[in-house]
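Residue strings, one per chain:
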Amino acid sequence: MDVEFIGQLIDSMEQAVARLEWAVGAKNKAEEDKMRIFIFDLYGKTKEALR
């Protein structure tokens, strides 16, 4: 298990969630959708890396 890689995924997830929160507040639907897809992709990569 590459701990550094997982740490980077988690940092990216944190930034993506903050950006999603901003997009929701700004009612920016395109950015919301983009961030939701990105977060879902990061979740999958994190899950795979932890196996």
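Residues numbered from 1 in each chain as written. Predicted model: local features only at pLDDT ≥ 70, side-chain atom pairs only at ≥ 80, totals over all residues. Heavy atoms only, no water.

(A) Here's a closer look at unusual backbone geometry. The phi torsion at Lys-27 lies on the positive side, around 55 degrees, for a residue other than glycine. Its place among the elements puts Lys-27 in the loop between helix H1 (3-25) and helix H2 (29-50). (Helix = DSSP H or I, 4+ residues; strand = E, 2+ residues; numbered from the N terminus.)

(B) Region of interest: the side chain of Glu-31. On the secondary structure map, Glu-31 appears in helix H2. The class of Glu-31 is buried, set by a relative accessible area of 12%. In this structure the side chain of Glu-31 is engaged in a polar contact, spanning 2.5 Å, whose partner is the side chain of Arg-19. Residue contacts for Glu-31: discarding those within four places in its chain leaves Arg-19, Trp-22 and Ala-23. (Buried < 20%, exposed > 50% of the residue type's maximum accessible area, 1.4 Å probe, protein only. Polar contact = N/O pair within 3.5 Å; in protein donor to acceptor, adjacent residues only side chain to side chain. Contact = heavy atoms within 4.5 Å.)

(C) Examining the packing of H1 against H2 more closely. Where H1 meets H2, the closest approach of the two axes is 9 Å, and the angle between their N-to-C directions is 160 degrees. Classified by the angle between their axes, H1 and H2 sit roughly antiparallel to one another. Read as a crossing pair, H1 and H2 show a hand that is left-handed. Residue composition of the contact of H1 with H2, grouped by class: 17 nonpolar, two polar and six charged. (Axes fitted to C-alpha atoms, helices over the stretch in contact; angles between N-to-C directions. Parallel < 35°, antiparallel > 145°, perpendicular 65-115°, else oblique. Left-handed = near helix turned anticlockwise from the far one by under 90°. Nonpolar A, V, L, I, M, F, W, Y, C, P; charged D, E, K, R; others polar.)

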